[in-house]
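Fold and contact review
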Number of protein chains: 2
Amino acid sequence: MDQAVAYAREQDGRFLAELIEFLRIPSVSTAPERGGDVARAAAWIAGHLERLGFRSRVEPTDLHPIVRADWLGAPGRPTVLCYGHYDVQPPDPLDLWNSPPFEPTVEQGALYARGASDDKGQLFTHVKAVEAILRTAGSLPVNVKFLLEGEEEIGSPSLATYVPRHRRALAADAALVSDGALFAPGLPTLTTGLRGLLYAEIEVSGARCDLHSGQYGGAAPNALGALAQILAALKDRQGRIRIPGYYGRVRPPDDAERSAWARLPFDEVAFCNVIGVAVAPGEEAYPILERLWARPTLDVHGIAGGFAGIGMKTVIPSRATAKVSMRLVPDQRPERIFKQLERFVRRQAPPGVRVEVRHLASTPPVVVSPDAPAVRAAARSLEAVFGVPPVYTRSGGSIPVVSAFDRSLKISTVMMGFGLPDDNLHAPNEKFALVNFRQGIEAAIRFFHEFGG
Amino acid sequence: MDQAVAYAREQDGRFLAELIEFLRIPSVSTAPERGGDVARAAAWIAGHLERLGFRSRVEPTDLHPIVRADWLGAPGRPTVLCYGHYDVQPPDPLDLWNSPPFEPTVEQGALYARGASDDKGQLFTHVKAVEAILRTAGSLPVNVKFLLEGEEEIGSPSLATYVPRHRRALAADAALVSDGALFAPGLPTLTTGLRGLLYAEIEVSGARCDLHSGQYGGAAPNALGALAQILAALKDRQGRIRIPGYYGRVRPPDDAERSAWARLPFDEVAFCNVIGVAVAPGEEAYPILERLWARPTLDVHGIAGGFAGIGMKTVIPSRATAKVSMRLVPDQRPERIFKQLERFVRRQAPPGVRVEVRHLASTPPVVVSPDAPAVRAAARSLEAVFGVPPVYTRSGGSIPVVSAFDRSLKISTVMMGFGLPDDNLHAPNEKFALVNFRQGIEAAIRFFHEFGG
């Protein structure tokens, strides 16, 4: 292990040069004209792994390929499934970049490029870790399977069905995902929970067609007005969701987790300043971090119907729809919550309108025990690299692939990210600090050894 | 008067031919490419009145011209201001017309063309009435001023300021508007009230920018959710508006008016069938006609903000706007109601958002006494033509020019329309029954005499 770490330090310049080559490929998954570049990035990373001794394949999907690469030379040892994504966000707005997004530039100890942190730079830490071990020891202390997708930035449509259909091929003892950030610079961080998601559409229908408000106003159903009443009924003024049974299966964080969160370097006033509000709204009884990580939510994303353009139109809308979603926490189940939502919404419908609730997507919440062997191995590795033990956080977002690992593969996922909170993900001047790149490689080297026993 | 009526009957064929010529001009005011046609229609009707002995002028505005034509040869006698509009709605969808919209066609006793009833055919009844009197008696029993606009179908933007600025030129003892319909075929109808309008926009602002619902959901203000709560608070489930003081100045119709409405041939079940609802929503304590004519309303017309397109986006909207309007009844004052709305909306704003209420437009309600001399003169004229006394109705809509006559000129407006409820206004196959065209001319002839004394 020490030799591998030493090798990685020696080869640092070449590793960076290779990452720059990878970052030069503008693999923007949402842009149809970049389809060839996305395929090129898939081939690049698959070839790279092949040359390291992995058995690689590029599997076509309806859209962008999935790259799989296995090294299974440690029979009897545990298997680690390394997940990452080689696609990137669009670079727009281009004029706000200080250097071109696909011409990686090192400045003040950081590499600036689209995808530097999210996620090419981070998935490359796993690749360089296996290289360092293979080149020094000749074999890995664990079996390693790479699962790299090119559709993460567009919602992983292919992977959602791919994972359950390839249970045997993907079978592993733990998954490793590096697609996140340290809670603060220098503070190693393990993410032990993700909120789930339930995305739905509510449609209200009133009169046969749109009506003139002068001719019919006062005796005709207004679908938008009715929709507003339904949406308002979903939540009280304190931000508490009023759907009966909604909180029934919410498992609160335990006391140890809560007090660990309270010790995190988190400033509620700074949080409010960042989003531009005097006071953060929501459930006052809970600290902000708990609201973000362990409390379920309901947000309205958009409302359509009637006339919302420039000027005035005196229309009584006959149809209106709203997109709403809920972030769910353990042990809420999306299917059950959807039924509760549907029942509640139907009951709220005012006289004269019909209501339909449509399920658009869902992802179950995930929680990983800090006592899972892989998480303990990751914790030891991080402490060795950073000199301090890691903090345990959760994320308010949802990562469908981690939910799929949990549900279909029945494995725990180690989520150790090496980005920084100010890495400008999805924004101009995305960056990845070189120190974090090196620490990520070393942490992965150590993790493979710690977990391999 | 009898000679004039006889003349109109004799000249019936020519009058129809002239109206057809007028209808051939596609004066669609909302279509920029029809600007020349709108101007041509203005010149046509101005020239027509000039040849009858009127002093005509075509006055340019920022958009379509206003036609003014005066005959002031009866000093000491009252003056009637005849209002009409020579612009028309677009004819789309063209494929649903049985004959081309600008090639007027007579079929089964009705003239089919865009503008036949709304309003070229109806304004032409006034023109032909003055012709019949002038050609038989040599002079009119009243002074007559025509005020004809080309922007009615786009909201009369020029006329709104024109009327108050031309108080002296437009001075009259009563106004006459024929731009409506009989309550039922054969039933002469005088409209004695219009609801007013207050159109406003509510804007809610939350965070500095749109936020990701995974990262911030639970502790960030959702502008759309807050807007829904505000809109829902405006009305209770029975359709009653909850703004304090809102109903304070509502003057109920008197007992005579109420019982007259109860005798009108109006079928509540048929009304519900037309709009496609089982039960008409709204204030159950009031009959539907009273809800439509004498009760104020509040309707939501459109909501913008966040993401309402195809698919899913997990955005917490930082800004959201709603267009709302209220139909007002006597003696509600738009300025006062706007202040009440603003105060109420600000108070409803949930924590973490700022709210702004913008006034977009307003028109005061109008009520005309059935005892006003001009209305009594119109009633006698209608009874003479139809053989039965007129019914008195109101309209749930708003006609800004009638409000302007009421406020700026301090005169009563006689609203006697000769269309039918099934004339297909603003729709394919607009028509005007020939019998109604003739009755309209005769009623106007009689009205000028009755009012002139």
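Residues numbered from 1 in each chain as written. Chains lettered and ligands numbered in written order. Predicted model: local features only at pLDDT ≥ 70, side-chain atom pairs only at ≥ 80, totals over all residues.

**A short note on the overall build of chain A**
Scanning chain A from terminus to terminus reveals 15 helices and 18 strands. Here the C-alpha atoms of chain A give a radius of gyration of 24 Å, agreeing with the 22 Å that 2.2 N^0.38 yields for 453 residues. The buried share among the 453 residues of chain A stands at 56%. Contacts in chain A between residues far apart in sequence, at least 24 positions, make up 78% of those at least 6 positions apart. (Helix = DSSP H or I, 4+ residues; strand = E, 2+ residues; numbered from the N terminus. Rg over C-alpha atoms; globule rule 2.2 N^0.38 Å. Buried ≥ 20, exposed ≤ 12 C-beta atoms within 10 Å, placed from the backbone. Contact = placed C-beta atoms within 7 Å.)

**Some details on the relation of the copies chain B and chain A**
Least-squares fitting of chain B to chain A yields an RMSD of 0.1 Å, with the superposition described by an axial translation of 0.0 Å and a rotation of 179°. The superposition of one copy onto the other is thereby described by a two-fold rotation axis. Of the C-alpha atoms belonging to chain B, the one lying closest to the rotation axis is found on alanine 228 of chain B, 2.3 Å away. When you check the interface residues of chain B against chain A, 100% turn up at the interface there too, and the contact is symmetric in its surfaces. (Least-squares fit on C-alpha atoms with pLDDT ≥ 70 in both.)

**A word on the sheet that holds strand β14 (residues 354–363) of chain A**
All names here are of chain A. Reading across from one edge, β11-β13-β9-β14 is the order of the four strands in this open sheet, with antiparallel pairing throughout. Edge positions in the sheet fall to β11 (299–304) and β14, since each of these pairs with one other strand and no more. The mean angle between the axes of side-by-side strands here comes to 15°, regardless of whether they run parallel or antiparallel. Both strand β9 (residues 196–205) and strand β13 (residues 319–328) contribute to a ladder of ten bridges, which runs antiparallel. (Pairing = 2+ DSSP bridges. Axes fitted to C-alpha atoms, helices over the stretch in contact; angles between N-to-C directions.)

**Focus: the interface of chain B and chain A**
Between chain B and chain A, the contact holds 60 residues from the first and 60 residues from the second. For the side of chain B that touches chain A, the per-class residue count stands at 30 nonpolar, 20 polar and ten charged. (Nonpolar A, V, L, I, M, F, W, Y, C, P; charged D, E, K, R; others polar.)

**What about the sheet that holds strand β4 (residues 105–107) of chain A?**
Residues and elements named next belong to chain A. An order of β4-β5-β18 is seen for the three strands of this open sheet, with the pairing classed as antiparallel. Taken across any chain shown, the strands that pair with only one partner, and hence form the sheet edges, are β4 and β18 (431–433). Strand-to-strand twist across the sheet, computed as the mean angle between neighbouring axes with direction ignored, equals 25°. In terms of strand pairing, strand β5 (residues 110–112) meets β18 through three bridges, oriented antiparallel. Within β18, the residue paired with tyrosine 112 across the bridge is lysine 431.

**Here we look at the packing of helix α5 (residues 157–165) of chain A against helix α14 (residues 400–409) of chain A**
Residues and elements named next belong to chain A. For the pair α5 and α14, interaxial distance at closest approach is 10 Å and the crossing angle is 15°. Considered as vectors, α5 and α14 are oriented roughly parallel to each other. Judged by the twist between their axes, the crossing of α5 over α14 is right-handed. Seen from α5, the contacting residues are Leu159, Ala160, Val163 and Pro164; seen from α14, they are Pro400, Val401, Ala404 and Ser408. (Parallel < 35°, antiparallel > 145°, perpendicular 65-115°, else oblique. Left-handed = near helix turned anticlockwise from the far one by under 90°.)

**Here we look at the environment of leucine 134 of chain B**
All names here are of chain B. Looking at the element boundaries, leucine 134 is found in helix α4 (residues 120–137). Looking at leucine 134, the number of C-beta atoms within 10 Å reads 19, which means it is partly exposed. Sequence separation between leucine 134 and alanine 4 is 130 residues, and the spatial gap between their C-alpha atoms is 8.2 Å. When residues no more than four places from it in sequence are discounted, the contact partners of leucine 134 are Leu52, Gly53, Ser139 and Leu140.

**Here's the deal with unusual backbone geometry**
The amide bond that connects aspartate 118 of chain A to the next residue, aspartate 119 of chain A, takes the cis arrangement and shows omega of 0°. Mapped onto the elements of the fold, aspartate 119 of chain A is located in the loop between β5 and α4 (120–137). Its identity is not glycine, yet lysine 410 of chain B carries a phi of approximately 55°, on the positive side. Tracing the sequence through the fold places lysine 410 of chain B in the loop between α14 (400–409) and β17 (412–415). The exposure class assigned to lysine 410 of chain B is exposed, which follows from the 9 C-beta atoms found within 10 Å. Residues other than glycine seldom take positive phi values, yet histidine 426 of chain B does so here, at roughly 65°.

**Quick notes on helix α13 (residues 373–386) of chain A**
All names here are of chain A. Relative to the 20 Å expected for 14 residues at 1.5 Å per residue, α13 spans 20 Å between its end C-alpha atoms, a close match to the ideal helical length. Those residues of α13 lying buried are Ala374, Val375, Ala377, Ala378, Ala379, Ser381, Leu382 and Val385. Looking at the buried residues of α13, the elements they touch are β7 (174–177), β8 (189–194), β17 (412–415) and α15 (434–452). Positioned one or two residues after α13, glycine 387 has a phi angle of 85°, which is positive. (Expected span 1.5 Å × (residues − 1).)

**What to know about the domain arrangement of chain A**
As far as domains go, chain A holds domain 1 (2–194 + 365–452) and domain 2 (196–250 + 296–363). Counting residues at the interface gives six residues for domain 1 of chain A and eight residues for domain 2 of chain A. (Domains from an automatic or database assignment.)

**Thoughts on the nonpolar core**
The tendency in soluble globular proteins is for nonpolar side chains to be buried as a group. Ranked by size, the top nonpolar core spans 94 residues in total, and within it Leu227, Ala228 and Leu231 of chain A together with Leu227, Ala228 and Leu231 of chain B carry the most contacts. Apart from residues lying up to four places away in sequence, leucine 231 of chain A is in contact with Val300 and Ala322 of chain A together with Gly225 and Ala228 of chain B. (Core = buried A, V, L, I, M, F, W, Y, C linked by C-beta atoms within 7 Å.)

**Concerning the packing of helix α1 (residues 2–10) of chain A against α4 of chain A**
Residues and elements named next belong to chain A. For the pair α1 and α4, interaxial distance at closest approach is 8 Å and the crossing angle is 120°. Crossing geometry of α1 relative to α4 is assigned as right-handed. Where α1 approaches α4, its residues Gln3, Ala4, Tyr7 and Ala8 are matched on the opposing element by Lys128, Ala132, Ile133, Arg135, Thr136 and Ala137.

**Here's the deal with the environment of valine 375 of chain A**
All names here are of chain A. Positionally, valine 375 belongs in helix α13. What makes valine 375 buried here is the crowd of 23 C-beta atoms within 10 Å. Here the alpha-carbon distance between valine 375 and alanine 285, two residues 90 residues apart in the chain, equals 31 Å. Not counting the four nearest positions on each side in its chain, valine 375 is found in contact with Leu190, Val368, Ser369, Pro370, Ser412 and Val414.

**Brief notes about the environment of alanine 308 of chain B**
Relative to the assigned elements, alanine 308 of chain B resides in the loop between β11 (299–304) and β12 (315–316). Not counting residues within four places of it along the chain, the set of residues in contact with alanine 308 of chain B comprises Gly302, Ile303, Ala304 and Lys323 of chain A.

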